[in-house]
Amino acid sequence: MKAIVKSKAEEGLWLEDVPEPEIGINDVLIKILKTGICGTDVHIYNWDAWAQQTIKVPTVLGHELVGEIVEVGENVNDFYVGDIVSVEGHLVCGRCRNCLAGRRYKCANTLGVGVQTDGGFAEYISVPMTNIWKHSDDINLEVAAIFDPFGNAVHTALAFEVFGEDVLITGAGPIGIMAAAVARHAGARHVVITDVNPKRLELAQKMDVTLAVDVRETSLSEVQKQLGMKEGFDVGMEMSGNPSAMRDMIANMAHGGNIAFLGIPTEEFAVNWKTVVFNMLTVTGIYGRKMYETWYQMSVLLESGINIEPVITHRFSYKDFAKGFEVMREGNSGKVILDWSEI
Ligand code: NAD
Ligand code: ZN
């Protein structure tokens, strides 16, 4: 079958013929319909320090996907050929304390689909039945393809109560923009999103945010004044991984405010912990999605009218994956979708 493979320990990705995956008794075989390109895939393409430490070549990339089940293992009772499904990309051990207690998303031994195992930038992928989310029959396939990052957004945006609250989101990448839509849908008063890239802020405007702010031009204290806010933001969602964004957020939170931290910093950095203490802030790290509460929430958010389609800005055939990666590497796009329906 065709697959996009990290087959050499150098910059780039290659479209190759590889053997079709085999399924075990607990697995399902999925024919891929559409995939999304994630920032992680770009790190692997670029072969940066993280990728060099993490990826063994050859590995088939891809974890943002939707497809159709074409075969199920003999132990699989709840999924059927023809089901339209996405994949939870965290493979958990099932044996650690958190897994045994039902907190699978907190597994200490998580492996990533398309990172530590072969992924879904391919005609077929085999995954355990424990890692499948079945969509409703009328799901928009492009939206279904980005349930993985949409899940990051939902997990972060609903980590703390946002109803009636003033929300600050730092980083208007695809995940920040989707989180803004979720916070708005969940009844936040003000949703302020920041970035340093005007193209990203333009895209964020499409999501009914209160303000999309270029922090190089306008400070968060000015934003607060403009909105008539007196005590700071109630909920912060850090979605840039940038140290100055986190420092600014901490400095602009209300006393007792809550910060959900999803952005992945490239290096250690200092923050003013004294402010965290005296202002009694709660900071929580967010990784992945809750299994499977976040997936349930995504499906019902869509059924209750949330629209994340504007975050999808580019569509290519898998054959033109290089163009998709080029667009991602420029850093101005929203989500980029690869279509696998015509092999
Ligand atoms: P992205 O890189 O597309 O978006 C990040 C945005 O932050 C960019 O638009 C960038 O211009 C902006 N930015 C940079 N400096 C800033 C500053 N000082 N203030 C405000 N914005 C600033 O990333 P994404 O795909 O939307 O993901 C968001 C973050 O979440 C990334 O750091 C990513 O690595 C991380 N991530 C975490 C998880 C998890 O499970 N924790 C999962 C996926 C992605
Ligand atoms: Zn575990």
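Before reading further, recall that the structure is shown in the block above.
The notes below deal with the structure included here. (Residues numbered from 1 in each chain as written. Chains lettered and ligands numbered in written order. Predicted model: local features only at pLDDT ≥ 70, side-chain atom pairs only at ≥ 80, totals over all residues. Heavy atoms only, no water.)

Topic: the coordination of the zinc ion (ligand 2)
Looking at the metal site, the zinc ion (ligand 2) is ligated by Cys 93 (SG), Cys 96 (SG), Cys 99 (SG) and Cys 107 (SG), spaced 2.3 to 2.4 Å from it. Considering all four donor atoms around the zinc ion (ligand 2), angles at the metal cover 105 to 120 degrees and the coordination shape is tetrahedral. Taken in chain order, the donor set of the zinc ion (ligand 2) reads C-x2-C-x2-C-x7-C. (Donors = N, O, S within 2.8 Å, 3.2 Å for Na, K, Ca; no water. Tetrahedral: all angles 85-135°; square planar, octahedral: opposite > 155°, others 65-115°.)

Some remarks on the site of ligand 1
In the vicinity of ligand 1 lie 21 residues, with Asp 195, Arg 200, Ile 264, Ile 286 and Gly 288 positioned nearest. Within the contact set of ligand 1, an oxygen atom lies 3.1 Å away from a backbone nitrogen or oxygen of Ile 264. Ile 286 places a polar main-chain atom, nitrogen or oxygen, 2.8 Å from a nitrogen atom of ligand 1. With the chains in place, 79% of the 850 Å² that ligand 1 exposes on its own is no longer accessible. (Near = heavy atom within 4 Å. Polar contact = N/O pair within 3.5 Å; in protein donor to acceptor, adjacent residues only side chain to side chain. Areas by Shrake-Rupley, 256 points an atom, 1.4 Å probe, with all protein chains shown as cover.)

What about the side chain of His 63?
Secondary-structure assignment places His 63 in the loop between strand 4 (59–60) and strand 5 (64–72). Classification of His 63 as buried rests on a relative accessible area of 7%. (Helix = DSSP H or I, 4+ residues; strand = E, 2+ residues; numbered from the N terminus. Buried < 20%, exposed > 50% of the residue type's maximum accessible area, 1.4 Å probe, protein only.)

Points about the sheet that holds strand 16 (residues 282–285)
In space, the six strands of this open sheet follow the order 13-12-11-14-15-16, with parallel pairing throughout. Lying at the two open borders of the sheet, with one neighbouring strand each, are strand 13 (211–214) and strand 16. Between one strand axis and the next, the sheet turns through 20 degrees on average, direction left out of account. Contacting strand 11 (167–170), strand 12 (191–195) and strand 14 (233–238), helix 6 (residues 174–185) crosses the sheet at an angle of about 175 degrees to strand 12. Relative to the sheet, helix 9 (residues 243–251) contacts strand 11, strand 14, strand 15 (253–261) and strand 16, its axis offset from that of strand 15 by approximately 150 degrees. (Pairing = 2+ DSSP bridges. Axes fitted to C-alpha atoms, helices over the stretch in contact; angles between N-to-C directions. Contact = heavy atoms within 4.5 Å.)

A closer look at the sheet that holds strand 1 (residues 2–6)
The three strands lie next to each other as 2-1-4, forming an open sheet whose pairing is antiparallel. Two strands in the sheet have a free side with no partner beyond their single neighbour: strand 2 (14–17) and strand 4. Strand direction decides the pairing type here: strand 1 and strand 4, joined by two bridges, are antiparallel. In the sheet register, Val 5 faces strand 4, and the bridge partner there is Val 60.

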